[in-house]
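Each chain, written out:
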Amino acid sequence: MYVHLGGDVSISDRYILAILDLDSLVNSREGDLGFLESIERSEGLEILSENIPQSLILTLDRIYLSPLPVKLLAERLRSAREMVMRRKK
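Residues numbered from 1 in each chain as written. Predicted model: local features only at pLDDT ≥ 70, side-chain atom pairs only at ≥ 80, totals over all residues. Heavy atoms only, no water.

A. Molecular detail of the side chain of Thr 59. Here Thr 59 lies in strand β5 (residues 55-59). Residue classification places Thr 59 among the buried positions, given a relative accessible area of 5%. A distance of 2.9 Å separates the side chain of Thr 59 from the backbone oxygen of Arg 62, its partner in a polar contact. Excluding residues within four positions of it along the chain, Thr 59 makes contact with Ile 11, Tyr 15, Ile 16, Leu 17 and Tyr 64. (Helix = DSSP H or I, 4+ residues; strand = E, 2+ residues; numbered from the N terminus. Buried < 20%, exposed > 50% of the residue type's maximum accessible area, 1.4 Å probe, protein only. Polar contact = N/O pair within 3.5 Å; in protein donor to acceptor, adjacent residues only side chain to side chain. Contact = heavy atoms within 4.5 Å.)

Shown next, in the form of structure tokens:
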């Protein structure tokens, strides 16, 4: 199943490795700013909106910055995976 990440981007749920809250990453005392800086320099980075990004989606081949909150994206991912499981039964 496909998950809409924001903008006009939808990807297969199979490719999603992690959905991270950017606010938590930036404000965490343990957060590694080097990690965020390396993401900014990444050739595989895709910014999905001009709005302030709220989440980072790590996939097999890209990193997306989405204006959608983690909670919404997680629910979309959960729904997509539940649909797949229902179809398999």
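So much for the structure itself; the text now carries on.
B. How the structure looks around the nonpolar core. In this structure, Leu 5, Ile 16, Ile 57 and Tyr 64 are the most contacted members of the largest nonpolar core, which totals 13 residues. Every element with two or more residues in this core is listed here: β1 (2-6), β2 (9-12), β3 (16-21) and α3 (70-88). Looking at this core, the element that brings in the most residues is α3, giving three residues. Counting residues in hydrophobic clusters, the runner-up holds five residues, among them Leu 22, Leu 56, Ile 63 and Leu 65. (Core = buried A, V, L, I, M, F, W, Y, C linked by side-chain atoms within 4.5 Å.)

C. Region of interest: the pairing of β5. For β5, the tally of buried residues reaches four of five residues, placing the bulk of the element in the interior. For β3 and β5, the ladder comprises five bridges, and the chain directions are antiparallel. Considered in β5, the bridge of Leu 20 is made with Leu 56. Of the pairings in the sheet, the one linking β5 to strand β6 (residues 63-66) comprises four bridges and is antiparallel in character. The residue bridging Leu 58 from the neighbouring strand is Ile 63, located in β6. Taking the residues between adjacent antiparallel strands as the criterion, β5 and β6 are bridged by three residues. (Pairing = 2+ DSSP bridges.)

Remember, this is a structural readout, not a statement about activity or role.
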